[in-house]
Protein chains: 2
Amino acid sequence: MKRSIEDTSIVMVGAGNVGSHLARAFYRKGFRILQVYSRTPEAARTLAQEVEADPVTDFEALTAQARLFVVALTDDALVQLIPQMTQGREDALWVHTAGSVPMDVWRGHAQRFGVFYPMQTFSKRREVDFRQVPVFVEGCDRECTDLLRAVAGVLSTKVYEATSEQRRYLHLGAVLACNFANHLYTLASDLLERHGLPFDALLPLIDETARKVHELSPREAQTGPAARGDRSVMEEHLRLLADEPYLSQVYTLLSQGIKGATFL
Amino acid sequence: MKRSIEDTSIVMVGAGNVGSHLARAFYRKGFRILQVYSRTPEAARTLAQEVEADPVTDFEALTAQARLFVVALTDDALVQLIPQMTQGREDALWVHTAGSVPMDVWRGHAQRFGVFYPMQTFSKRREVDFRQVPVFVEGCDRECTDLLRAVAGVLSTKVYEATSEQRRYLHLGAVLACNFANHLYTLASDLLERHGLPFDALLPLIDETARKVHELSPREAQTGPAARGDRSVMEEHLRLLADEPYLSQVYTLLSQGIKGATFL
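Remember, it's a predicted structure, so these values are computed and weren't measured experimentally.

Draft legend 1. Geometry of the packing of aromatic side chains. Residues and elements named next belong to chain A. This model, assessed by the stated rule, comprises 18 aromatic pairs over all chains. With 4.3 Å between their ring centres and 20 degrees between their planes, Tyr 37 and Phe 59 make a pair best called stacked. Here Phe 59 lies in the loop between strand 3 (54–56) and strand 4 (68–71) and Tyr 37 lies in strand 2 (residues 32–37), a separation of 22 residues in the sequence. When its relative accessible area of 8% is taken as the criterion, Tyr 37 is described as buried. For Phe 59, a relative accessible area of 7% translates into the label buried. Taking 5.7 Å as the distance between ring centres and 40 degrees as the angle between the ring planes, the aromatic pair formed by Trp 94 and Trp 106 counts as tilted. You can see Trp 94 sitting in strand 5 (residues 93–96) and its partner Trp 106 sitting in the loop between strand 5 and strand 6 (112–118), a full 12 residues away along the chain. In terms of burial, Trp 94 and Trp 106 fall into one category: buried. An aromatic cluster is built from Phe 26, Phe 31 and Phe 116, whose rings are joined through pairwise contacts.

Draft legend 2. Quick peek at the relation of the copies chain A and chain B. Under the fitted operation, chain A is carried onto chain B by 0.0 Å of movement along the axis and a turn of 180 degrees, and the coordinates agree to an RMSD of 0.0 Å. Taken together, the rotation angle and the small translation identify this as a two-fold axis. Minimal C-alpha distance to the rotation axis in chain A is attained by Ala181(A), lying at 2.4 Å.

Draft legend 3. Layout of the packing of helix 6 (residues 203–212) of chain A against helix 6 (residues 203–212) of chain B. In contact at an axis separation of 9 Å, helix 6 of chain A and helix 6 of chain B are set at 175 degrees when each is read in the N-to-C sense. Of the possible angle classes, the one that applies to helix 6 of chain A and helix 6 of chain B is roughly antiparallel. Contacts between helix 6 of chain A and helix 6 of chain B involve Ile206(A), Asp207(A) and Ala210(A) from the former and Ile206(B), Asp207(B) and Ala210(B) from the latter. Here the residues of the contact of helix 6 of chain A with helix 6 of chain B are counted per class, giving four nonpolar, no polar and two charged.

Draft legend 4. View of the interface of chain A and chain B. Across the boundary between the two partners, chain A contributes 89 residues, which contact 89 residues of chain B. Both sides of the chain A and chain B interface together cover about 8900 Å² of buried area, and 66% of this is carbon and sulfur. Contact with chain B buries area across many residues of chain A, yet Arg126(A), Tyr169(A) and Phe180(A) alone supply 8% of it, more than any other trio. Along the contact surface separating chain A from chain B lie eight salt bridges.

Basis of the calculations
- Residues numbered from 1 in each chain as written.
- Chains lettered and ligands numbered in written order.
- Predicted model: local features only at pLDDT ≥ 70, side-chain atom pairs only at ≥ 80, totals over all residues.
- Heavy atoms only, no water.
- Phe/Tyr/Trp six-rings, centres within 6.5 Å; stacked < 30°, edge-to-face > 60°.
- Helix = DSSP H or I, 4+ residues; strand = E, 2+ residues; numbered from the N terminus.
- Buried < 20%, exposed > 50% of the residue type's maximum accessible area, 1.4 Å probe, protein only.
- Least-squares fit on C-alpha atoms with pLDDT ≥ 70 in both.
- Axes fitted to C-alpha atoms, helices over the stretch in contact; angles between N-to-C directions.
- Parallel < 35°, antiparallel > 145°, perpendicular 65-115°, else oblique.
- Contact = heavy atoms within 4.5 Å.
- Nonpolar A, V, L, I, M, F, W, Y, C, P; charged D, E, K, R; others polar.
- Buried area = accessible area lost by both parts, 1.4 Å probe.
- Salt bridge = Lys/Arg side-chain N within 4 Å of Asp/Glu carboxyl O.

Interpretation in functional terms is not warranted from these geometric data alone.
Right, here's the structure in full:
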């Protein structure tokens, strides 16, 4: 009987945002998760229970039986811990989930390795439709890449291959378009709150701003005082921000950027 | 027979993005638009035709018969042109649509006046569902305010009253959460394009970033290297941006802001 891709047995190393969302996505699609590692016993136990795996808090307790190890740690921890975690398990396929860490960190520590980068913003308290999450894979050889494509294809409809170099820029692009955009929501929310206004009033605008770039390029979609070159509005805004040095800097810098991008 | 609110006859002054979207929204809801003013004959003609109004390119040709004049010009043009446009039509209700211009610019030029601020990002090439557009109104007295609430209520399900002071901060919040967020999309798009990657790959992330803040506060929703305090990723990103002084500045400034906002 031919084995299906969902028979790939998995160990999840890391139980943070990315690890938790990934483990749950694998579990829901029928993959067998053998173990969940976290150095925090509580985190390992909670996630392991959810995905019917064994919790592990020590690398020595990692099984050698899993076909695929998925490592979702912070970049620093990942690079530092690779020698320990792989030792004795060099035959498995090892992948990490980090946008900015090259595939070659595995070289010399595992025979078969790669990267499995789901590009999405994961929060503990919010479920994500994984079918819509772009997954960028890279493998040490064609066979690894194909296996990772197949595994990713069970989870998501948007599977791409990307080199380590491209993935760095993807990650940076994601920081700009997602993390920084969310920070601007925070700044707007704080500002409105200080003046007795509900943040909710901004939601239709935030939604439309995101929807627009499905149809127009972001450059075409740009509106606002800086794009119009409306000096009096910009001066007025900077007056309102006179006691807010950080907000003034953000306002000035991004308005200059918009002017540059608009009048290229 | 009682007259309904849609019998309010309107003149639209301005045929830019805001003017065009507003005029079409009024027209679709059954308001009678008598004239469309633009100093550009082509713009006046095109919009006037769409909403079955007469095009006007000269303030002297403005009718004195309309009950409501809606002025959607740039802030500078608005303030400068108020004396000319109102002369001989002081009895109508005059409103402007500008976030950052106080209601009092009308004082001395009209008897009845106010503000009708639709807070949305309007682009020529994209239709907007006006029922979802928050409209902030302010009137010179209770009667004006109530009339504006009623007119706005025909167009949108989200009608609020806001003082001139509050509206300034709304506008500033909108610039942060919308115009600046879109600019970050542009920066990400350019970056990806330079490295052979499709901007479309970012759309699920952009959508999720917007959707998240319907459920979590933006501060709770914040993710990314700066929020995690992941120095090595941030240093790596700044290395990638070594030849991009503007992007480096944006990256450094907003990462500092996120750290400040996260570890408050």
